[in-house]
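Descriptive analysis of the structure
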Amino acid sequence: MSMDRSTSHEPLAPARIIVWDRLVRIFHWGLVLAVTFAAATGFLFPPNWLDIHVISGAFVGCLIVFRVVWGWIGSTYARFRSFPVSLALLRQHVADIAAGGGTRHLGHNQFGGLMVYGLLAILALLTITGIVTLGGVVKQGPLAFATSFATGQSARQIHEILAIVTLLMLAAHLAGVAFESWRSGENLVRAMITGRKAAPSGPVEPLATARPFLAAAILTMLAALVLTATIHLSDLPARGVPPVALDPTYAKECGSCHLAYPPSLAGAATWSAVMADLANHFGENASLDISTTTQLENWLQANSAEHWDTRAANAFRIANPADPQRITATASWVRLHQDVPDAVFKSAKVGGKSSCSACHRDAAIGRFDPQQISIPREARP
Amino acid sequence: MRMTLTALAFLSASATLAVAAPGPAQQAQLDTYATLAKAVDPAFAGFSAEHGKTLFLAKSTTGKPDTPSCTTCHTADPTKPGQTRAGKAIGPMAISMKADRYSIPAETEKWFGRNCDSVLGRACTPLEKGDFITFMVGQ
């Protein structure tokens, strides 16, 4: 018997056919990678990893767009047509499973299909809210020219909730894959790597012809459009971000002892309090002649945090009534720096909480981009 | 002619060796402080680098607690750069190291005005200012 078999042309294992085409598999594992990076940098890593987070998010967005196009003109099981979702079909599927058998699904089963649509939708929303957050909160990216900080903050809250929901959905996805692999006896993870599943005994669904060149043409056009728009929009001045140049007298007079703090870092009340008491300026006499004092006060008032929409301006606009002159006494400053150990501020390299530029490389222009945070090596605990 | 040559030789030697001597602007300020000092005390007979040094190094308890001495920020060596309490570098006080020190009256007055109050808790007298600059000219 065994001799017969070994010489026979009949394969030992049942025939396996391609279910997931190459692009679906690249899409799937590419998405795994991009979402992993985005989740790790978003949930776990410090804020100066923002660039990696944004790049991962951009990859997620591109993959979603590809998948939508491929859902229309991809191969048989890639097409949305092959996994319709409806309440009736879901009920049917549940009843099938409950009955202990159920139809075999060569492509996505009902729950799998639902999860695909759900993940595509939530990842698209994550990408969109991410871009709005980047524009409004960090004042970077294609929407920075038009997005207010308040809008960015709302987008950020939604982004964070969606991210947690996504994690739950991914857990459900893995559980579903495990369950279905066990139920059907088909290793679904391997199937997503090799693309193959055991050929069904019955008739195979008629194959749809994939249109890779059409897809490439559509995606190239979309990419050119989106890329051009992104580059041009990102070049526009960001909304509510103060100009880089400081008043030269301010830069000279205030900058001779300390960082010439951009006026957008404090509210009008703080600047009034500071300028009214230069003779007792944080433990020193920093008096200026009347005309210079007036000139600088006017300039500070005209450029105080109330006039700008950066994250710092929004954060430090509200002074601490108990210590109105000190930006580092504001509730926002304390909250934003709560994870920084005291030893960092006390280190010789940093030299105190007032030395913004010791760790924020762009402090002098008042931007405080997350990517520009770098705690000096010597100051790290 | 011989006088001029000697003067020239002396000047070039000063320049080469960077021997500290007040420039015209610094001399003008010293003259102003001398006039004022004389107005306060007719017996005034010139500034003393030694008194200037004492003033520079002295510890004070009458000023603001964070700045008990000039040396808090400027270090005890006027030829070395100092550092503000906020961490910014301060150029050396000695004119041998920073030739444009004490050459703009408004700046000189601004810093004496601020720092005498911070360290001593009072304004410096013209005599003290002249002594201080005389000390720094020699450094």
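Small disclaimer: the values here were computed from a predicted structure and weren't measured.

**Focus on the overall build of chain A**
The number of helices and strands found in chain A is 15 helices and 2 strands. The principal-axis extent of the C-alpha atoms belonging to chain A is close to 105 × 45 × 40 Å. A separation of at least 24 residues holds for 67% of the contacts in chain A among residues at least 6 apart in sequence.

**Side note on the overall build of chain B**
Summing up its helical and strand segments, chain B has 6 helices and 2 strands in all. Its helices and strands taken in sequence order, chain B reads α-α-α-α-β-β-α-α from the N to the C terminus. A fraction of 60% describes how many contacts in chain B between residues 6 or more apart in sequence connect residues 24 or more apart.

**Things to note about unusual backbone geometry**
Residues and elements named next belong to chain B. With a phi close to 65°, Thr75 is a non-glycine residue in the positive phi region. Residue position: Thr75 is located in the loop between helix H4 (71-74) and strand S1 (82-83). Positive phi is not limited to glycine here, since Tyr102 has a value of about 55°. When you line up the elements, Tyr102 lands in the loop between strand S2 (89-90) and helix H5 (105-120).

**A closer look at the packing of helix H3 (residues 49-57) of chain B against helix H6 (residues 126-137) of chain B**
All names here are of chain B. Running from amino to carboxyl end, H3 crosses H6 at an angle of 100°, the nearest separation of the two axes being 7 Å. By the angle between their axes, H3 is roughly perpendicular relative to H6. Contact residues: H3 offers Ala49, His51, Gly52, Lys53, Leu55 and Phe56, while H6 offers Glu128, Asp131, Phe132, Thr134 and Phe135. Here the contact of H3 with H6 is composed, by residue class, of 5 nonpolar, 3 polar and 3 charged.

**Here's the deal with the environment of A:Leu170**
Residues and elements named next belong to chain A. Here Leu170 lies in helix H6 (residues 149-184). Overall, the presence of 17 C-beta atoms within 10 Å leaves Leu170 in the partly exposed class. When the C-alpha atoms of Leu170 and Pro370 are compared, they prove to be 28 Å apart, with 200 residues separating the residues in sequence.

**Observations regarding the confidence of the model for chain B**
Residues and elements named next belong to chain B. Overall, the predicted model of chain B reaches an average pLDDT of 88, with 86% of residues at or above 70. Overall, residues 8-19 carries pLDDT values under 50, and its contacts beyond four positions in sequence, including any with other chains, amount to 3 contacts. On the interface metric, ipTM, the complex scores 0.83, and its pTM is 0.86.

**A few points about H3(B)**
Residues and elements named next belong to chain B. Within the sequence span of H3, burial applies to Gly52, Leu55 and Phe56. Buried residues in H3, looked at end-on, bunch into an arc of 100°, giving them a common side. Residues of H3 that are buried sit in contact with H6.

**Looking at the domain arrangement of chain A**
Residues and elements named next belong to chain A. Assigned domains within chain A: domain 1 (12-200 + 208-235) and domain 2 (248-379). The gap between the C-alpha centroids of domain 1 and domain 2 is 44 Å. Taken together, the 10 residues of domain 1 in the interface contact 9 residues of domain 2. Along the lines of polarity and charge, the residues of the side of domain 1 that touches domain 2 split into 5 nonpolar, 3 polar and 2 charged.

**Some remarks on the nonpolar core**
Among the nonpolar cores identified, the biggest contains 19 residues, and B:Phe56, B:Phe132, B:Ile133 and B:Met136 are the most heavily contacted of them. Of all elements in the fold, only helix H2 (24-40), H3, H5 and H6 of chain B reach the threshold of two or more residues within this core. The next biggest cluster of nonpolar side chains, apart from the first, holds 17 residues, and it includes A:Val24, A:Ala34, A:Leu63 and A:Phe66.

**Observations regarding the confidence of the model for chain A**
Residues with a pLDDT of 70 or more make up 94% of chain A, whose mean pLDDT is 92. Low pLDDT (under 50) marks residues 1-8 of chain A, which in the prediction has 0 contacts with non-local residues, meaning those over four places away or in another chain.

**What to know about the packing of H2(B) against H6(B)**
Residue and element names in this part refer to chain B. Contact pair H2 / H6: the axes reach a minimum separation of 8 Å and the direction vectors enclose 150°. By the angle between their axes, H2 is roughly antiparallel relative to H6. Crossing geometry of H2 relative to H6 is assigned as left-handed. Residue-level contacts link Gln26, Gln29, Leu30, Tyr33, Ala34, Leu36, Ala37 and Val40 of H2 to Pro126, Leu127, Lys129, Gly130, Ile133, Thr134 and Val137 of H6. A class-by-class count of the residues in the contact of H2 with H6 yields 10 nonpolar, 4 polar and 1 charged.

**Considerations on the environment of A:Ile17**
Residue and element names in this part refer to chain A. In this fold, Ile17 is placed in strand S1 (residues 16-18). In this structure, the C-alpha to C-alpha distance between Ile17 and Leu170, residues 153 residues apart in sequence, is 27 Å. Ignoring sequence-local partners within four residues, the contact set of Ile17 consists of Arg196, Lys197 and Ala199.

**Overview of the environment of A:Ala150**
All names here are of chain A. Take Ala150: it is sitting in helix H6. A count of 12 C-beta atoms within 10 Å places Ala150 in the exposed class. Remark: the alpha-carbon pair of Ala150 and Tyr250, spanning 100 residues in sequence, is separated by 30 Å.

Cut-offs used in this document
Residues numbered from 1 in each chain as written. Chains lettered and ligands numbered in written order. Predicted model: local features only at pLDDT ≥ 70, side-chain atom pairs only at ≥ 80, totals over all residues. Helix = DSSP H or I, 4+ residues; strand = E, 2+ residues; numbered from the N terminus. Contact = placed C-beta atoms within 7 Å. Axes fitted to C-alpha atoms, helices over the stretch in contact; angles between N-to-C directions. Parallel < 35°, antiparallel > 145°, perpendicular 65-115°, else oblique. Nonpolar A, V, L, I, M, F, W, Y, C, P; charged D, E, K, R; others polar. Buried ≥ 20, exposed ≤ 12 C-beta atoms within 10 Å, placed from the backbone. pLDDT = per-residue confidence, 0-100. Arc of directions from axis to C-beta. Domains from an automatic or database assignment. Core = buried A, V, L, I, M, F, W, Y, C linked by C-beta atoms within 7 Å. Left-handed = near helix turned anticlockwise from the far one by under 90°.

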